[in-house]
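Now for the letters of each chain:
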Amino acid sequence: LGDPEREVLWGRGVSDEQIRLFRLGVLNQVLPTGPQYPPKFLEWCWSGRRLDHMFVLPMTNTLGQVKGIQVRHVDRSKKGYSNFYAAEDEPVFFGLAQAMPSVWSRRSAWLVEGPFDLFPVQRVVPNVISTMTAGLPQPLYRSLKRLVDELWLGYDRDEAGQRGIRVIQNTHGREFRVHSVQWPGVQRLDGQGPVKDPSDLWEAWGDERLGVFLRALDN
């Protein structure tokens, strides 16, 4: 990561400590030399994707092994992302390995949608995992069923996020104590309507006020 990429990450709620902890990087068309890349990964890389100036966000299993990546544009105005999974028979998510010590000790897990929703929450609630979608995928469900009694669902305020919460509550409400986190509908910093996720809320509130809100919920 160079200074321009770090500045983009800082502006999106990522600290220097989190850059190191989550092993964030950047890819600009050319893969680093040295590693022996699996054919499946090379095929994914060059199958019509323009991997130019992309953040690389490693996804791990519970043991901390990198089993996938998400790539998304450094330029925030360019929407969209792409995921590669080297393993499909085990839970592989962003922040999973980093959350596990706290998940084990607390017997509780927080779930948010995107990686940039995770960063501001993780500084206060270390047992947070990005599920990449508003739902509880089966591999993650099987792991959490053995480890936790409680789920905190911090999905987006839009219909997809709230629908995901309802499905989890209806499907797994007898197995976990399920809490729906209701993000305050304050105005976005850019004035384009109310916030819809913790990333937006961090931009509107900053660390201190968001931290007060999260600690009040989790105590």
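Now for a look at the structure at hand. These figures come from a predicted structure and were not determined experimentally.

With respect to the sheet that holds strand 3 (residues 66-73)
One open sheet accounts for four strands, arranged 1-2-3-4; its pairing is antiparallel. With partners counted over all chains shown, the strands left at the sheet margins are strand 1 (25-27) and strand 4 (81-85), one partner each. Averaged over all pairs of adjacent strands, the angle between their axes in this sheet comes to 30 degrees, without regard to strand direction. Relative to strand 3, strand 2 (residues 54-60) runs antiparallel, the two being bridged by seven bridges.

Side note on the pairing of strand 8 (residues 177-180)
Both faces of the sheet carry side chains from a regular strand, because those side chains alternate between them. The pairing of strand 7 (residues 150-153) with strand 8 spans four bridges and is classified as parallel. Bridge pairing links Trp152 to His179 in strand 8. At this point the chain moves from strand 7, through helix 7 (residues 159-172), to the parallel strand 8, and the crossover so formed is right-handed.

Looking at the pairing of strand 4
Across the two faces of strand 4 the burial differs, with Ser82 and Phe84 buried and Tyr81, Asn83 and Tyr85 not buried at all. Looking at chain direction, strand 3 and strand 4 are connected through five bridges and run antiparallel. By the bridge assignment for strand 4, Val71 is matched with Ser82.

Reading guide: rules and limits
- Residues numbered from 1 in each chain as written.
- Predicted model: local features only at pLDDT ≥ 70, side-chain atom pairs only at ≥ 80, totals over all residues.
- Heavy atoms only, no water.
- Pairing = 2+ DSSP bridges.
- Helix = DSSP H or I, 4+ residues; strand = E, 2+ residues; numbered from the N terminus.
- Axes fitted to C-alpha atoms, helices over the stretch in contact; angles between N-to-C directions.
- Right-handed = clockwise from strand over helix to strand, strands pointing away.
- Buried < 20%, exposed > 50% of the residue type's maximum accessible area, 1.4 Å probe, protein only.

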